[in-house]
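Below are the chains, spelled out letter by letter.
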Amino acid sequence: TRGLNTSILGRNVEIHSSIGSTNARAKELALSGAREGTVVIADEQVQGRGRLGRSWVSPPGKGIWMSVILRPRLSSQQVPRITIMTAVAVANALKRSAQIDVGIKWPNDVVCGGKKLCGILTEVHAEPEVIHYAVVGIGLNVNLSFEDLPEDIRDIATSLRIEKGKEFNRADIIKSILQEMEKGYLQGLRDDGFAGLLKEYERRSVILGKRIRVIGVDGQFSGYAQGFGLDGSLMLRLDDGRVERILAGDVSLRGE
Ligand code: BT5
């Protein structure tokens, strides 16, 4: 935490050389009362997780695999805001510490040249009106080479090293992510701050105004990505003119 310029996030950090999943560990800590802003970082994850039971490739020493415990004053409907805030924070941090311009693919991907550079996994323990805790997992490919990527994700994944042709110091990037996240957390998650944050999100969106296909919990939809709601949902204009509000799903840009 040397040189870390935050008052909440990262004041308490747990570092592991190898762990199953930093999100799983952070949830344990949150349940046993860990304070807000606690961060779990691992050099390697052997059971890194994505959404819906998918796995996250997290080889030793090559990326940022970290989870942050938050205790935001939001209702459970506003949970998607946390992912949006984090995506914007990662994008701003990457601009600052790696001089790279990235896009955001709703809901949880940070992308570069159409490939996934970073994935975000927000898990909450909540009742409808209150969130007891939220664990925000960030998986960012930093120094992986093309050969480090398993074959099955070579077409869809990238890293800072692949994009910029050089290696990066992970601690510097972690610090800027935590600083940007703290700003987003304190200013952007509030009702009056979130509209501004959404503007930044929209500016980086790679789907806004495009024709996309979404596989959501309520089925599959095709349409135009028209905008994002104040709860973090996606507004999709269907071919019959109706607008479908989608809370979570997987977006594909290619084809129909
Ligand atoms: C995500 O899920 O993108 C959320 C990833 C969150 C990872 C972090 S690491 C720290 C913390 N601890 C955890 O255990 N997890 C969090 P989803 O949108 O479901 O995307 C998962 C899909 O991305 C996989 O099915 C693969 O296709 C692809 N994938 C897996 N590993 C990848 C990698 N390293 N880089 C790019 N794509 C990857």
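Coordinates for the structure precede this section.
Now for a look at the structure at hand. (Residues numbered from 1 in each chain as written. Predicted model: local features only at pLDDT ≥ 70, side-chain atom pairs only at ≥ 80, totals over all residues. Heavy atoms only, no water.)

1. Focus: the pattern of salt bridges
Move 1: Counting across every chain of the model gives 20 salt bridges.
Move 2: A salt bridge links Arg204 to Asp101; its shortest N-O distance comes to 3.8 Å. Of the two residues, Arg204 is situated in helix α5 (residues 191-204) and Asp101 in the loop between α2 (80-98) and β4 (103-105); the sequence distance between them amounts to 103 residues.
Move 3: A relative accessible area of 10% means that Arg204 is categorised as buried.
Move 4: Overall, Asp101 belongs to the exposed group, its relative accessible area being 52%.
Move 5: Across the pair Asp231 and Arg245 runs a salt bridge, and its minimum N-O distance is 2.4 Å. Pair noted here: Asp231 is in the loop between β9 (219-228) and β10 (234-238) and Arg245 is in strand β11 (residues 243-246), with a separation of 14 residues, a long-range link.
Move 6: The class for Asp231 is buried, based on a relative accessible area of 14%.
Move 7: By relative accessible area, which is 47% here, Arg245 ends up partly exposed.
Move 8: Overlapping salt bridges, with partners in common, bring together Glu14, Arg25 and Glu28 in one network. (Salt bridge = Lys/Arg side-chain N within 4 Å of Asp/Glu carboxyl O. Helix = DSSP H or I, 4+ residues; strand = E, 2+ residues; numbered from the N terminus. Buried < 20%, exposed > 50% of the residue type's maximum accessible area, 1.4 Å probe, protein only.)

2. Focus on the side chain of Glu182
Move 1: Structurally, Glu182 can be placed in helix α4 (residues 170-188).
Move 2: One buried charged side chain, Glu182, makes no salt bridge at all; its nearest oppositely charged neighbour is Arg11, positioned 6.9 Å away.
Move 3: Residues contacting Glu182, with those up to four places away along its chain left out, are Thr6, Ser7, Ile8 and Leu9. (Lys, Arg positive; Asp, Glu negative; His and termini not counted. Contact = heavy atoms within 4.5 Å.)

3. Side note on the layout of surface pockets
Move 1: Each pocket or cavity is described by its volume, and for the largest pocket that value is around 1100 Å³.
Move 2: As for the largest pocket, its lining consists of 47 residues, and the residues nearest its centre are Trp56, Lys105, Asp109, Lys116 and Ile156.
Move 3: Put simply, the parts of the chain that give the lining of the largest pocket at least two residues each are α1 (22-31), β3 (63-70), β5 (109-112), β6 (115-126), β7 (131-141), β8 (211-216) and β12 (249-252).
Move 4: With five residues, the top contributor of residues to the lining of the largest pocket is β6.
Move 5: When the residues that make up the lining of the largest pocket are grouped by side-chain class, the tally is 20 nonpolar, 15 polar and 12 charged.
Move 6: Taken together, domain 1 (13-204) and domain 2 (211-252) each give at least three residues to the lining of the largest pocket, which thus spans both.
Move 7: Considered as a void within the structure, the second largest pocket measures approximately 480 Å³ in volume.
Move 8: Looking at the second largest pocket, it is lined by 23 residues, and the ones nearest its centre are Arg51, Pro107, Leu247, Ala248 and Gly249.
Move 9: Residue composition of the lining of the second largest pocket, grouped by class: 13 nonpolar, eight polar and two charged. (1 Å grid on protein atoms, 1.4 Å probe; cavity = no way out; pocket = protein on both sides within 12 Å on 5 of 7 lines; lining within 4 Å. Points joined across faces, edges and corners; volume = space filled by probe spheres on them. Nonpolar A, V, L, I, M, F, W, Y, C, P; charged D, E, K, R; others polar. Domains from an automatic or database assignment.)

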